[in-house]
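One letter stands for each residue in the lines below.
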Amino acid sequence: MTTASAEPIDSLQGGGRVFPPSESFRRDAVAGPELAETASRDRLAFWAEQARALQWQRPFSEVLDWTDAPHARWFADGRLNVAVNCVDRHVLAGDGERVALHWEGEPGDTRTITYSELLGEVSRAANLLADLGVQPGDRVAVYLPMIPEAVIAMLAIARIGAVHSVVFGGFSAESLRARIDDAGAVLVITADGGWRKGSVAPLKPAVDAALALPGEQTVRNVLVVRRGENAVDWSEGRDLWWHEEIAAMDTTHEARAFEAEHPLFILYTSGTTGKPKGILHTSGGYLTQAAFTHRSVFDLKPEQDVYWCTADVGWITGHSYVVYGPLANGATQVLYEGTPDSPDPGRWWSIVERYGVTILYTAPTAIRSFMKAGRAIPDAHDLTSLRLLGSVGEPINPEAWLWYREVIGGGRTPIVDTWWQTETGAIMVSPLPGVTAAKPGAAQTPIPGIGIAVLDESGEPVPAGGGGLLVVTEPWPAMARTIWNDPERFRETYWSTFPGRYFAGDGARLDGDGDLWLLGRVDDVMNVSGHRLSTAEIESALVAHPAVAEAAVVGAADEATGQAIVAFVILRTGAELTDADASPTLRAHVAERIGPIARPARVHVVAELPKTRSGKIMRRLLRDLAEGREVGDTTTLADTGVMRTIQTGMHAD
Ligand code: PRX
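Parameters at a glance
- Residues numbered from 1 in each chain as written.
- Predicted model: local features only at pLDDT ≥ 70, side-chain atom pairs only at ≥ 80, totals over all residues.
- Heavy atoms only, no water.
- Near = heavy atom within 4 Å.
- Polar contact = N/O pair within 3.5 Å; in protein donor to acceptor, adjacent residues only side chain to side chain.
- Areas by Shrake-Rupley, 256 points an atom, 1.4 Å probe, with all protein chains shown as cover.
- Nonpolar A, V, L, I, M, F, W, Y, C, P; charged D, E, K, R; others polar.
- pLDDT = per-residue confidence, 0-100.
- Helix = DSSP H or I, 4+ residues; strand = E, 2+ residues; numbered from the N terminus.
- Contact = heavy atoms within 4.5 Å.
- Buried < 20%, exposed > 50% of the residue type's maximum accessible area, 1.4 Å probe, protein only.
- Salt bridge = Lys/Arg side-chain N within 4 Å of Asp/Glu carboxyl O.
- Core = buried A, V, L, I, M, F, W, Y, C linked by side-chain atoms within 4.5 Å.
- Pairing = 2+ DSSP bridges.
- Axes fitted to C-alpha atoms, helices over the stretch in contact; angles between N-to-C directions.
- 1 Å grid on protein atoms, 1.4 Å probe; cavity = no way out; pocket = protein on both sides within 12 Å on 5 of 7 lines; lining within 4 Å.
- Points joined across faces, edges and corners; volume = space filled by probe spheres on them.
- Expected span 1.5 Å × (residues − 1).

A. Quick look at the site of the ligand. The ligand sits among 17 residues. The nearest are Thr-418, Thr-422, Asp-506, Arg-521 and Arg-532. Thr-418 is positioned with one of its backbone polar atoms (N or O) 2.7 Å from a nitrogen atom of the ligand. Summarising the interface, the protein chains cover 96% of the accessible area of the ligand, which totals 540 Å² for the free molecule. A breakdown of the residues in the shell around the ligand according to their chemical character gives six nonpolar, six polar and five charged.

So, in structure tokens, the structure goes:
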């Protein structure tokens, strides 16, 4: 483990600019400073109050049970139905005619779905799942594009008490199968294909390929939504068209309540080993924090706002801030299927203009690519409806922050830089608009009810101005409950570095005001365009290629993508691959094995890799090379001449 690089704090402070909290944002019970006071006086009472904003079929009496730490139980004797909270509740409250989803397909087709309509759709899908024999607790894999059925499927699965495992459509057949097997999914919900970059990207063929791989089979059925209208193979008896099945279903479904700790979903994320971790989230605590943070961090006014989070439902941001948070709050939101530059680079801004989007939540990588394309593109659109902007997924550099506010936000809008993770389930650190004076580039303050500290490696809090490791000091409602099938790994990964405290894997710095600045991962996890990828997983994919003897992967700083994947490989003697062919072949190989998001930016063929005497690859030195820096301290290398050998013989595209 290495600590994050020690840059002087001043260079990180966005030129020292501070934006005072905007008066037009509410400072009332949802996000006011008194909320933080209440939370610090009695954290558990504060979370209980937030939980009571949900509809419980049976109220809870106990807030937190931490006796089996680090496996928390929140609101454990309460019972609720997550989907009822996200849909029925609003219809019963008289808001059925409010638009839940303004959906836009990439080719320009649209659908508007009100909360009443969503209730009908979710009910039909719930009836269908029950008809297919899906039982409470069963796992269902979802491999869909960003179409309304993705949201409907997730809610229907939750409604019947089954557990969804959404797999991002950019993952390969092999990655999908690994996730299906680990979760033991009984059903896969997919589509023929979805629109991306102006054409149909097939999905069903990947499901077929995944299920054709050898090994024990848990999947009984594949439900296929028709979207791309691309030709697909059909396995009679196993495959079913969603639209045909759904048509026969009743639009009412009586939902039963489940315990607050009933599993809601598993979401796989990359860790420091080759095997992705199935992060398990449960119902009551997760929904409480997703809903609370969504309304307080985004200052949500459900009657007026049009909210748009650009994340895919395949990631945690899509779970918490496309599906559960916004729908629990009765928000009206935009859902967009395609890429930001299809058919032209102004697509997002025309969507903002068309629907009058008021709150936009996206990733720094997108902001940086818009910056690169130039302000003329957003300037050609009326973006005055925007009143709040959010950022998530990676540290936002002050330049991007200032550009976002100035060009997209017209110099008016607050920006909330939200730090959190798949494992935290919901936002943990973020300024609150109307409350926090914003510093460009800083996530700043833990939200009310959350305890954060920055520690040095011995577990001591760093003084103001110091850098160290980010930890969460107290259990929180949306925290992961465990790693599916691997509680020991859960304990070991997150709770053993600083016993009793959650180690996030991020470096952070506290400035003189006590504000937090996130500095990136301190482990072997990379962040590429806001996507979390493991160096070990890509290394295993590389060594699975017959021509590769050894591989080391690092994340190198990259202006556009935050980090870029750079691989160093040693080819086998006699490998049927020339140095010149190696890079394109191996990049394609990784994309096929894991998915296009894991395709290395560069593959260097080298004669040796830098290793310590105990055989551990020194990635730090490779990162120096990949970033074109002077190579750092090599004294712990078994062979100190190795870096010279590598440097002189480095080949790439
Ligand atoms: O390194 C942090 C970075 O993203 C990691 C979590 O990735 P994932 O589980 O995929 O969730 C991403 C969306 C919540 C963190 O460990 N990260 C996330 N948000 C920020 C961030 N780094 C800096 N600033 C952020 N706002």
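Picking up where we left off.
B. The arrangement of the confidence of the model for the chain in detail. The predicted model of the chain has a mean per-residue pLDDT of 93, with 96% of residues at 70 or higher. When the elements of the chain are averaged for pLDDT, helix H1 (residues 9-12) gives the smallest value, 41, and helix H6 (residues 148-159) the largest, 99. Confidence drops under pLDDT 50 across residues 1-12; counting only partners more than four residues distant or on other chains, this segment forms 26 contacts.

C. Summary view of helix H8 (residues 204-212). Of the positions making up H8, those classed as buried are Lys-204, Ala-206, Val-207, Asp-208, Ala-210 and Leu-211. Elements in contact with the buried residues of H8: strand E6 (139-143), helix H7 (173-183), strand E8 (187-191), strand E10 (199-202), strand E11 (221-225) and strand E12 (239-241).

D. Region of interest: the side chain of Asp-511. Within the secondary structure, Asp-511 is located in the loop between strand E24 (502-510) and strand E25 (516-521). A distance of 2.9 Å separates a polar side-chain atom of Asp-511 from the backbone nitrogen of Asp-513.

E. The arrangement of the pattern of salt bridges in detail. Applying the stated criterion to the full structure yields 33 salt bridges. In this structure, Lys-204 and Asp-239 form a salt bridge, with 2.8 Å as the shortest nitrogen-oxygen distance. Residue Lys-204 is found in helix H8, and its partner Asp-239 is found in strand E12; the two are separated by 35 residues along the sequence. Here Lys-204 matches Asp-239 in class, with each residue buried. Within the structure, one salt-bridge network assembled from shared partners comprises Lys-204, Asp-208, Arg-238 and Asp-239.

F. Quick peek at the nonpolar core. Among the nonpolar cores identified, the biggest contains 163 residues, and Leu-118, Leu-155, Ile-189, Phe-298, Tyr-324 and Ile-538 are the most heavily contacted of them. Among the elements that take part in this core, H6 stands out by supplying nine residues, more than any other. With residues near it in sequence (within four places) discarded, Ile-538 still touches Met-526, Leu-533, Val-553, Ile-565, Val-590, Ile-594 and Ala-598. Formed by 27 residues, the second largest nonpolar core is a distinct cluster that contains Ala-366, Leu-389, Trp-403 and Ala-438.

G. Region of interest: the pairing of strand E4 (residues 99-104). Of all six residues in E4, six are buried; the element is thus mostly enclosed. Hairpin connection, E4 to strand E5 (residues 110-114): the antiparallel pair is bridged by five residues, and Gly-108 has positive phi, about 110°. Examined bridge by bridge, E4 and strand E17 (residues 332-336) share four bridges and lie parallel to one another. Opposite Glu-104, over in E17, you have Tyr-336 as the bridge partner.

H. The pairing of strand E28 (residues 548-558), seen in detail. Sheet analysis places E28 next to strand E29 (residues 562-571), joined by 10 bridges and oriented antiparallel. Opposite Val-554, over in E29, you have Val-566 as the bridge partner.

I. Spotlight on the environment of Glu-592. Mapped onto the elements, Glu-592 comes out in helix H18 (residues 579-593). Taking C-alpha positions, Glu-592 is 8.3 Å from Ala-173, a pair spaced 419 residues apart along the chain.

J. Representation of the sheet that holds strand E20 (residues 415-418) within the structure. Strands sit in the order E5-E4-E17-E16-E18-E19-E20 across an open sheet of seven strands; the sheet is mixed. Because the sheet does not close on itself, it has two edges, and the strands there are E5 and E20. Sheet twist, expressed as the mean angle between neighbouring strand axes with direction ignored, is 20°. Here E4 runs beside E5; their pairing, made up of five bridges, is antiparallel. Each bridged residue has a counterpart across the sheet, and for Trp-103 the counterpart in E5 is Arg-111. The strands touched by helix H12 (residues 347-355) are E4, E5, strand E16 (306-309), E17 and strand E18 (359-362); relative to E4, the strand with the most contacts, the crossing angle is about 145°.

K. Region of interest: the sheet that holds E12. Taken in spatial order, the eight strands of this open sheet run E12-E11-E8-E6-E7-E14-E15-E23, and their pairing is mixed. In this open sheet, the two strands that pair with only one neighbour each are E12 and strand E23 (482-483). Where strand E15 (residues 277-282) meets E23, two bridges bridge the pair, whose relative direction is antiparallel. Paired with Ile-279 across the two strands is Ile-483, which belongs to E23. Of the strands in this sheet, E6, strand E7 (163-166), E8, E11 and strand E14 (263-269) are in contact with H6, which crosses E7 at around 150°.

L. Spotlight on empty space enclosed by the protein. Under the counting rule described, the total for this entry stands at one cavity of 30 Å³ or more. Size it by volume and the largest cavity reaches roughly 60 Å³. Lining the largest cavity are Leu-80, Asn-81, Val-82, Ala-158, Gly-161, Ala-162, Phe-258, His-262, Pro-263, Leu-264 and Ser-283. Looking at the lining of the largest cavity, its residues break down into seven nonpolar, four polar and no charged.

M. Quick peek at H6. Here H6 is 12 residues long and its end C-alpha atoms lie 16 Å apart, about the 16 Å a rise of 1.5 Å per residue gives. H6 sits mainly inside the fold: 12 of its 12 residues count as buried. Residues of H6 that are buried include every one of Pro-148, Glu-149, Ala-150, Val-151, Ile-152, Ala-153, Met-154, Leu-155, Ala-156, Ile-157, Ala-158 and Arg-159, and no others.

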